[in-house]
Amino acid sequence: MTSKTPPPRRSLEPLCSNAADLYTAPARAQIGEVLDSWLAHNLATPFELLHRPDLIKKLEASSRDLQHAFQKVAVPMALARRASVHEVMRSLHGVADQAIARMLRDERQGLLPRIDGATFAPACAAGPADPEHSYRLAAGVAGFIATADSWGGKVALLMDLAEAAPADGPARTLALTVLEQALEDVCRSPLGMAELLGPDLDLGAFLLGVTRLAHGGIIDAVFQAHASLRPLASPLPAAGARLARRIDRGDFPNLQLALSRRILTELDTKRRLSPGSAMGEITAVRGLAVALTAASGPCLPAEDVAEAILLRSQRLVEPNFIATLLHEQVSLVAGLDGLLTVLKNVTGDANRRRALRFIEATVTPPQFKTDLLDATGSPEAALEALARAYGKLTHKGSGLVGIEPLLERLSEVGGALETEGAVVRGLTDGLMPRARKLAALQAMAEGKTAPPGPAAKRAAEALRKFAATRDPVSG
């Protein structure tokens, strides 16, 4: 189908038309992308590069890195704007030269303040009418965090400044705005996030950590209420925990929004949440579903969360994933339990129906009874496995078309196993104490150790007869 969208108009206007544009969040994000290696090597963020004369001089001295960064920006921009690479490069150089000249001029003239915990609040309140005040205050902040020897150390220093910020008014707003810009750039850095959340996290644990960072109070309450989720996310390191508390207080709303959007963006990718384990993948989807649903609000719209979890659920019922899941399980019983876990945790009726079809493919073949008996080792163990499967299927498959034939199949297999193994007769004729016999028969009759159906009915009948007499019955 031919698109009716008109082609973009030729534009020679650069993404950043003047030096001030370089300080916006999108521009800083792009600087972080094209200079990622250089910035990581120098333990610096785009915020610091734009506000520290020493970093600017170092980058200028490394002309190859700077030129390569310009090229990485200019080539796609030139293609998108139908301009020549040379024209775009010239425009970018012009904007960069403006910013560099201003920074080096202000350094020579002694206009860049020195900031620490004691001077931060007065510096925020001084000169609010000066249009350069915010930029120079940011330079002071950048200089202050330059002394840190780690990304977590930078965040700790920024938290110190947040604690020293003016109590209210425009000066406090300015202080938190400048600090938020610095924090946004740390949080865009993979190395920075590793120190805020913990190292070597798979995507599922990483996203739960980001959720905890952005919505700490809510997520802590969720983990407190759901003990099974606690192993999914370790406590945040000290710097991350301090930042989470500040975000939770409402000090950095733009950062909270950026982190929330990152969660949804990462969920929309095809990357596995737990690459080494299919069951781990299911657990991660469940944990994120609970955490993100609890954190839903202006930053995490409920409909966006539902859509993201629905997409992840769809991937849990893809044939390749199910094949991996079954390959990881050590027995037929474990495989069936894994499929039931998929059914339990996916959202959306279509995904639940697909999960049900995989369960159907497992239990309906004629050899299922024999394979189940081989896997469990005894009729009694096989009946217990069927009882668990019946209960889970009843609870999580409620309302799905096709559930009744599957339940009937489990009942049928259970009845055959009980008959062939003479399980009820073995209980009534056995040598165990009367109380244990009654308890065992009752558990079968109630569907706890055998699926509802023929086996449970025979157990109920034997229980009725056995309870009515002091003598053992033959069944």
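Up top is the structure these notes are about.
Please read these numbers as outputs of a predicted model, since none were measured by experiment.

Details of the overall build of the chain
Now for step 1: Summing up its helical and strand segments, the chain has 26 helices and zero strands in all.
Now for step 2: Computed over the C-alpha atoms, the radius of gyration of the chain is 32 Å, more than 25% above the 23 Å expected from 2.2 N^0.38 for a compact globule of 475 residues.
Now for step 3: For the chain, the spread of C-alpha atoms along the principal axes amounts to about 105 × 60 × 35 Å.
Now for step 4: Here the chain holds 475 residues, and the buried ones make up 47% of them.
Now for step 5: By element, 56% of the accessible surface of the chain is carried by carbon and sulfur atoms, the whole surface being about 23,200 Å².

A few points about the pattern of salt bridges
Close approach of charged atoms allows side chains of opposite charge to pair.
Now for step 1: Under the criterion given, the structure shown has 27 salt bridges.
Now for step 2: Note that Arg52 is salt-bridged to Glu48, the shortest N-O span being 3.0 Å.
Now for step 3: With relative accessibility at 0%, the residue Glu48 sits in the buried group.
Now for step 4: Between Arg136 and Asp106 there is a salt bridge, with its nearest N and O atoms 3.5 Å apart. Here the residue Arg136 occupies a position in helix H8 (residues 133–145), and Asp106 occupies one in helix H6 (residues 85–108), the gap between them amounting to 30 residues. The burial state of Arg136 is the same as that of Asp106; both residues are buried.
Now for step 5: Salt bridges sharing partners connect three or more residues here, namely Arg28, Glu184, Asp185 and Arg188.

With respect to a nonpolar patch on the surface
Now for step 1: A contiguous nonpolar surface patch, about 270 Å² in accessible area, is contributed by Val75, Leu79 and Val85.
Now for step 2: Following the sequence through the fold, Val85 ends up in helix H6.

Thoughts on a negative patch on the surface
Now for step 1: A cluster of acidic side chains, namely Asp268, Glu303, Asp304 and Glu307, defines a negative patch on the protein surface.
Now for step 2: As for its position among the elements, Asp304 is in helix H17 (residues 302–316).

A look at the packing of helix H4 (residues 53–61) against H6
Now for step 1: Viewed as axis vectors pointing N to C, H4 and H6 meet at an angle of 130°, and their least axial separation amounts to 10 Å. Taken together, the axes of H4 and H6 lie oblique to each other. In the packing of H4 onto H6, the handedness of the crossing is left-handed. In contact with Pro53, Ile56, Lys57 and Glu60 of H4, H6 contributes Ile100, Met103, Leu104 and Glu107.
Now for step 2: Of the residues belonging to the contact of H4 with H6, the class tally is five nonpolar, no polar and three charged.

Describing the packing of aromatic side chains
What characterises a pair of aromatic rings is the spacing of the ring centres plus the angle enclosed by the ring planes.
Now for step 1: Per the stated rule, a full pass over the model turns up one aromatic pair.
Now for step 2: Between the aromatic rings of Tyr23 and Tyr135, the centroid separation amounts to 6.2 Å while the plane-to-plane angle is 70°, which identifies the pairing as edge-to-face. Placement of Tyr23 in the segment before helix H1 (25–34) and of Tyr135 in helix H8 is noted, with a sequence separation of 112 residues between them.
Now for step 3: The aromatic ring of Tyr135 is capped on one face by Arg102, whose charged end is 3.7 Å from the ring centroid.
Now for step 4: The ring of Phe466 has Arg434 lying over it, and the distance from NZ or CZ to the ring centre is 4.9 Å.

Looking at helix H16 (residues 278–295)
Now for step 1: Taking 1.5 Å as the rise per residue, H16 with 18 residues should run 26 Å; its terminal C-alpha atoms sit 26 Å apart, in good agreement.
Now for step 2: Restricting attention to buried positions, one finds in H16 the residues Ala278, Glu281, Ile282, Ala284, Val285, Gly287, Leu288, Ala289, Ala291, Leu292 and Ala295.
Now for step 3: In this structure, the buried side of H16 is in contact with helix H12 (203–214), helix H13 (216–225), helix H15 (253–267), H17, helix H18 (319–328) and helix H19 (332–345).
Now for step 4: Residue Ser277 occupies the N-cap position of H16, its side-chain oxygen lying 3.4 Å from the main-chain nitrogen of Met279.

Overview of the nonpolar core
Now for step 1: Judged by nonpolar contacts, the single largest core of 112 residues is most densely connected at Phe120, Leu243, Phe252 and Leu393.
Now for step 2: No other element matches the ten residues that helix H10 (residues 169–188) contributes to this core.
Now for step 3: Among residues more than four places away in sequence, those in contact with Phe120 are Ile115, Leu137, Val141, Leu161, Ala164, Ala165, Ala175 and Leu179.
Now for step 4: Val34, Leu35, Ala69 and Met103 belong to the second-largest nonpolar core, a separate cluster that totals 33 residues.

Section: the environment of Leu339
Now for step 1: Looking at the element boundaries, Leu339 is found in helix H19.
Now for step 2: For Leu339, a relative accessible area of 2% corresponds to the buried category.
Now for step 3: The sequence separation of Leu339 and Met279 amounts to 60 residues, and the corresponding C-alpha distance is 9.9 Å.
Now for step 4: Those residues within four positions of Leu339 in sequence are excluded, and the remaining contacts are Ile322, Leu325, Leu326, Phe358, Ile359 and Thr362.

Remarks on unusual backbone geometry
Now for step 1: Despite not being glycine, Leu43 shows a phi value in the positive range, around 45°.
Now for step 2: Mapped onto the secondary structure, Leu43 falls in the loop between helix H2 (36–41) and helix H3 (46–51).
Now for step 3: With a relative accessible area of 21%, Leu43 lands in the partly exposed category.
Now for step 4: Its identity as a non-glycine residue notwithstanding, Asp200 has a phi of 55°, on the positive side.
Now for step 5: When you line up the elements, Asp200 lands in the loop between helix H11 (190–197) and H12.

Procedures and definitions
- Residues numbered from 1 in each chain as written.
- Predicted model: local features only at pLDDT ≥ 70, side-chain atom pairs only at ≥ 80, totals over all residues.
- Heavy atoms only, no water.
- Helix = DSSP H or I, 4+ residues; strand = E, 2+ residues; numbered from the N terminus.
- Rg over C-alpha atoms; globule rule 2.2 N^0.38 Å.
- Buried < 20%, exposed > 50% of the residue type's maximum accessible area, 1.4 Å probe, protein only.
- Areas by Shrake-Rupley, 256 points an atom, 1.4 Å probe, with all protein chains shown as cover.
- Salt bridge = Lys/Arg side-chain N within 4 Å of Asp/Glu carboxyl O.
- Patch = residues over 30% accessible without salt bridge, like charges linked within 9 Å, V, L, I, M, F, W, Y side chains within 5 Å.
- Lys, Arg positive; Asp, Glu negative; His and termini not counted.
- Charge placed at Lys NZ, Arg CZ, Asp CG, Glu CD.
- Axes fitted to C-alpha atoms, helices over the stretch in contact; angles between N-to-C directions.
- Parallel < 35°, antiparallel > 145°, perpendicular 65-115°, else oblique.
- Left-handed = near helix turned anticlockwise from the far one by under 90°.
- Contact = heavy atoms within 4.5 Å.
- Nonpolar A, V, L, I, M, F, W, Y, C, P; charged D, E, K, R; others polar.
- Phe/Tyr/Trp six-rings, centres within 6.5 Å; stacked < 30°, edge-to-face > 60°.
- Lys NZ or Arg CZ within 6 Å of the ring centre and 35° of its normal.
- Expected span 1.5 Å × (residues − 1).
- Polar contact = N/O pair within 3.5 Å; in protein donor to acceptor, adjacent residues only side chain to side chain.
- Core = buried A, V, L, I, M, F, W, Y, C linked by side-chain atoms within 4.5 Å.

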